[in-house]
Structure formats: structure tokens, C-alpha cells
Amino acid sequence: MTTTETVPTVRRAETTPTPSLPPFGQFIGGAFVASTTGATVDVENPATQEVLMQVPAGSVEDVDAAVAAAVAAKADWAAKTPKDRSAILLRIADIIEANREVLETLEAANTGKPAAVAEDDISSAIDTFRFSAGAARAFTAPGAGDYAENHTSVILREPVGVVGVITPWNYPLLMAAWKIAPVLAAGNTMVLKPSEQTPLSTLKLAELIASEVPAGVLNIVTGPGQVVGNRISEHPDIDLVAITGSVGSGQKVAASAAGTVKRVHLELGGKAPVVIFEDADLQAAAEGVRSAGFWNGGQECGSACRVLVHESVADRFTELLVREVSQITVGAPGAGDDVEMGSMISGAHYKRVLAALEDARAEGLTIAVGGNALEGPGYFIEPTVVTGVPAGAPITSTEIFGPVVSVETFRTDEEAITRANETPYGLAASVWTTNAARSLSAPRRLDFGTVWVNSHLVIANEMPWGGFKGSGYGRDLSTYALEDFSRTKHVMYNHG
Ligand code: NAD
């Protein structure tokens, strides 16, 4: 396979959109307040390398103040009827919708993602709030019944209490919405720490909804994971901590949480296999990988980053995939609605992805298209396909989290399934086939929390999202998230 003729360049915006920035401060008790420290973190636009603003590098005392506000608000919020909580969540959805452009521009400026991805993020966040608003009202416990003589059992579904949430940088507002909506729907109050690299849209959301949400119900503390995230994880008055992030951070959160035996909810990394059988529609599969492998620049936990294709169709599929990938338009925010891929999130991450490509070259793998950094400013990398990947090569199990798709081949169905499962992760996978029997059997044998058939990365708010194995446990979205963020109590009445 040879590199195609088109060399991607970064399309630049004629005028860079100016984002509307949030106020400076921590959002505690319904207002933006000063941090207890003067330390700040620079928040960068990764497509221009300009500093957008600074946010407080929060302290243990800031977390403690936020937790105290959440504890104070707990009883009133829990006592609201599902109908009343639902009404507030619906108003949040309306406010996000009314401020869609503000949030999209800000999200794109803070992440370098293109308009298409920012729009999808905000639309999905709106839908998450609307779904949770409905689910809050429809979510019921089993009916009362007698299971011991002369005793009637009733199940009360209660909020867990105060929930700590730690979010990543790849979909800052959407990952916050995935937690805020079900956590509040289930009647909890919360303290949320956004990624230190991408706190702006979460702070902006707090500013926009401050008058709708009672003070103390939602608190936001910015700053580094080792300080703010760790304090949230260990805090004695936080009843459950949920993190979306890397496996390493998830392990640290779970270890810190163990001291107070609080509940833990982990949405961690992924390395999604894309199993393409010889009977698959190869063009559809190539288009699917173009979209799902490079969405958000591959900085996506369910990214279609690891293709396993039957050896009899591997050459044809690779040719189609390389053609698709070489057509991907890379651009800065504001450079057009047809831009498919933006920058990497930071200089550090850009270096990590380029180092992974160097490792691939050093191992003798073939870079069929892409493989290089693009001209700055900004942290742009070419959409890349790596071929000639032997079974067990590091690229088959290490999460690169960038615009890099690797292609391996297999001979038998048994081998395909065994090798697809040979990863420490278990978040998502896809199967491409026109054979009905395979479409039924393969998903059952794949050890991943989501398995798509002839599709990849399509997400619905009604359906759960979450992993097995190293990808963690707990579910986002769907009524399963409401279950995770609530607790059941058995009350038994003696009527004898
Ligand atoms: P990260 O682990 O570096 O950071 C995630 C969050 O954890 C940040 O807010 C960070 O400050 C915080 N953190 C870091 N160390 C901590 C500690 N010791 N204690 C408490 N908090 C700490 O992850 P990232 O680089 O922001 O995001 C990318 C990772 O997230 C990838 O591995 C990706 O697969 C994963 N991710 C998973 C999902 C999912 O749904 N499973 C979704 C998005 C991202």
C-alpha cells in the first residue's frame, strides 16, 4: 500500500470565532467565588496555542467548601418530587439549546474540535438532560408485596447523597452532562471537577443555569486531578465518586475512595476492535471507520481504532480505507462545517500520539497514509492508517487516543473473536458482516459493554454506555445510570 497523492494541510479560519468566556472563580453554593489559593491554571486553545483564560487551581479547602454546600442543599433537593426535578432539567436543556452557539464556539475554542463535533456534543448534551428529565419521572421501584408471613415489603429508591464527579477533556460539556443529568435526576447534589485542560464550557453552563438550579445542588471546582480530584475521591462527606478518564486515574480514584468505602463509578479507556468478516460490505465498513475512527480526532474512548479484517478481503478493505482517510479534511475551529478533524487537545498529548507513531515505525509497521505532524500553530496530526500489524503488537492493545487506526488480519472466526478480546479494555467493539448467524453469535462472544453490528459509535440516550474489564464499571446514560446514582432501601411492615 502506498501513501496517497493528497497531502492534508490544516485549513484555517478566515476569522477565528471569539468565545464568550465564563466568569473567573469556583462555582460553589450557587455563585462564582474566589479560590482559597491565588494559584491558576492556563487554559489553552490547542488549535492556536493561545491562552484563552486562567482558572483557579483549586485547593483541598475549595473542595471542602463545595462539599459543605452540597451537603447543605441535599435534603431539600432530595425532597423535591421527580416532577419538580424533571422540570428543572428540562429548563437546563432549553437554556443549553438557547445558548447553543455560545457553547459550541467555546467548546471548539477550548478543544480544537471542528464545528460538526461541537454541534453534535451540544445536541447530545441537550438530549441527555431531556432524557434524564423524563426518566426521573418514569423510574419506579418494584411494587410492594408480602415475602415473609404477616410482613409487607416496600422498596424505597433514594438518592445516594452527595456525588463527586471528575470529567475528562475529550467531550468536556457532554461528559459533564452525562453525569449532571442523571445525578440530579436521581435526587443527589454534586461536586464536579472538569479536566484542568477544558473547564470552560462546564463553568459556562454553571453561569447559564445558576438561576434555575438551587444553590449548592451543583458545585464546580477547577484544578488538577492530584489535588482536587483526589480530595473529591477521599472526602468523607461524598457518598459516591464517578470518574470518566484514563485507567490510571480511575485506579487512583478507586484507591482514594476505598478509605471511606464510598461507591465508585468508573468510565475509563478503550481500544475498540472493528471485526470485518469476508462477507461484509467493505465500502460501508471503510466509511464507518473513517467516521468512527477519526471522530474527535480519535480522542474518543469508543473510537474504531483497531481493525481486524479477514485476510481474503484485507487488501481491498485497506485500499478503500486509505482512500477514505486520505479525504479527511483537517481544520481549525471556524474553518467550515465540512471540517472533519481538528487538533489534538494539548502539546503533551500531541507528543504522545507522535511518539506512538514513531514506535509503530520502529516496530516495522507500515504507515499506509498519514503518520506525521501537520504544520502549526496548533497540535494537528495527519489522519493515519497503520498496516502490516502482527497479532499481539503493542498497537493492538495500547490506547493511542489519536487519529490512528491500525489494521490486522485474521483467518477464522474463532481467531477473530479471540484476538478482539485480547485487550485489557472492554468498552466497545463492532462487527461488520452480512451473515445473519455471525451477526447474532459474534456480539455475544465479544467482551465489551457495547457491540455494534454494521455500525460504530452510534449512541442513544436510552441505552447504557460503559465498559467491562479495564474500561471500568458503572453505566452512563439510560435508566441504568439513574440506578447507579441511587440506592434501594427495604422497609418491612409487620401487619400481623
Ligand atoms: P485523565 O485520566 O488524564 O483525566 C480525567 C480526569 O481525571 C481529569 O479531570 C483529571 O484531572 C482527573 N484526575 C487525574 N488524576 C487524578 C487523581 N489522581 N485523582 C482524581 N482525579 C484525577 O483522562 P483524560 O486524558 O482527561 O481523558 C482521556 C481518557 O478518558 C482516555 O483514557 C479515554 O478513553 C477516557 N474516556 C473514557 C470515556 C468512557 O465513557 N469510558 C469517555 C471519555 C474519555
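Note that this is a predicted model, so its numbers are computed, not measured.

The next subject is the site of the ligand. Surrounding the ligand, one finds 29 residues, the nearest of these being W169, E196, S246, S249 and E399. Taking S246, its side chain carries an N or O atom lying 2.6 Å from an oxygen atom of the ligand. Its free accessible area being 840 Å², the ligand has 91% of it covered by the protein chains. Put simply, the parts of the chain that give the shell around the ligand at least two residues each are helix 7 (225–234), strand 11 (240–244) and helix 8 (247–258). Per-class residue counts for the shell around the ligand are twelve nonpolar, twelve polar and five charged. Counting contributing residues, the shell around the ligand receives three or more from each of domain 1 (26–268 + 471–491) and domain 2 (273–461).

Taken N-terminus to C-terminus, the directions of helix 1 (residues 60–79) and helix 7 make an angle of 40°; their axes are 9 Å apart at the nearest point. The angle between helix 1 and helix 7 falls in the class oblique. The interaxial crossing formed by helix 1 with helix 7 has right-handed handedness. Here helix 1 contributes V60, V63 and D64 to the contact with helix 7, which in turn contributes V227, V228, R231 and I232. Split into classes, the residues belonging to the contact of helix 1 with helix 7 amount to five nonpolar, no polar and two charged.

This part is about the sheet that holds strand 14 (residues 306–310). Strand order in the open sheet formed by seven strands is 16-17-18-14-13-20-21, and the pairing between neighbours is mixed. Whereas interior strands pair on both sides, the edge strands pair on one side only; in this sheet they are strand 16 (366–369) and strand 21 (450–453). Neighbour-to-neighbour, the strand axes of the sheet open up by a mean angle of 25°, direction not taken into account. Across three bridges, the pairing between strand 13 (residues 273–276) and strand 20 (residues 428–432) is parallel. Directly across from V274, in strand 20, lies its bridge partner S430. Strands in contact with helix 12 (residues 413–421) are strand 13, strand 14 and strand 18 (404–410); relative to strand 18, the strand with the most contacts, it is inclined by about 145°.

Attention shifts here to the side chain of S303. Turning to its location among the elements, S303 is positioned in the loop between helix 9 (282–294) and strand 14. Of the residues examined, S303 reaches a relative accessible area of 2% and is grouped as buried. Beyond its immediate chain neighbours, meaning those up to four positions away, S303 contacts A272, A292, G293, G298, H456 and L457.

Attention now goes to the sheet that holds strand 6 (residues 145–148). A sheet is described by the order of its strands in space; here three strands give the open sequence 6-7-23, paired in antiparallel fashion. Strands with a single pairing partner mark the edges of an open sheet, and in this sheet they are strand 6 and strand 23 (486–494). This sheet shows a mean twist of 45° between the axes of neighbouring strands, independent of strand direction. As paired strands, strand 6 and strand 7 (residues 151–159) are joined by three bridges and run antiparallel to one another. Paired with G145 across the strands is S153, a residue of strand 7.

It is worth spelling out the environment of G347 at this point. Relative to the helices and strands, G347 is located in helix 11 (residues 347–362). Considered as a pair, G347 and S439 are 92 residues apart in the sequence and their alpha carbons are 41 Å apart.

Counted by the stated rule, this structure contains six aromatic pairs. Pairing W178 with W465 gives two aromatic rings, centres 6.5 Å apart and planes at 65°, and the pair type is edge-to-face. Highlighted residues: W178 in helix 5 (residues 172–185) and W465 in the loop between strand 21 and strand 22 (468–469), separated in sequence by 287 residues. A relative accessible area of 6% means that W178 is categorised as buried. For W465, a relative accessible area of 4% corresponds to the buried category.

For the structure on display, the rule yields 26 salt bridges. Members of the salt-bridge network, linked through shared partners, are E278, D279, D413 and R438.

Right, let's talk about the domain arrangement of the chain for a bit. What the domain assignment reports for the chain is domain 1 (26–268 + 471–491) and domain 2 (273–461). Using C-alpha coordinates to define each centre, domain 1 is positioned 30 Å away from domain 2. Counting residues at the interface gives 33 residues for domain 1, matched by 30 residues for domain 2. For the pair domain 1 and domain 2, the summed buried area comes to about 2500 Å², and 56% of that belongs to carbon and sulfur atoms. One can count zero salt bridges joining domain 1 with domain 2.

The rules behind these values
- Residues numbered from 1 in each chain as written.
- Predicted model: local features only at pLDDT ≥ 70, side-chain atom pairs only at ≥ 80, totals over all residues.
- Heavy atoms only, no water.
- Near = heavy atom within 4 Å.
- Polar contact = N/O pair within 3.5 Å; in protein donor to acceptor, adjacent residues only side chain to side chain.
- Areas by Shrake-Rupley, 256 points an atom, 1.4 Å probe, with all protein chains shown as cover.
- Helix = DSSP H or I, 4+ residues; strand = E, 2+ residues; numbered from the N terminus.
- Nonpolar A, V, L, I, M, F, W, Y, C, P; charged D, E, K, R; others polar.
- Domains from an automatic or database assignment.
- Axes fitted to C-alpha atoms, helices over the stretch in contact; angles between N-to-C directions.
- Parallel < 35°, antiparallel > 145°, perpendicular 65-115°, else oblique.
- Left-handed = near helix turned anticlockwise from the far one by under 90°.
- Contact = heavy atoms within 4.5 Å.
- Pairing = 2+ DSSP bridges.
- Buried < 20%, exposed > 50% of the residue type's maximum accessible area, 1.4 Å probe, protein only.
- Phe/Tyr/Trp six-rings, centres within 6.5 Å; stacked < 30°, edge-to-face > 60°.
- Salt bridge = Lys/Arg side-chain N within 4 Å of Asp/Glu carboxyl O.
- Buried area = accessible area lost by both parts, 1.4 Å probe.

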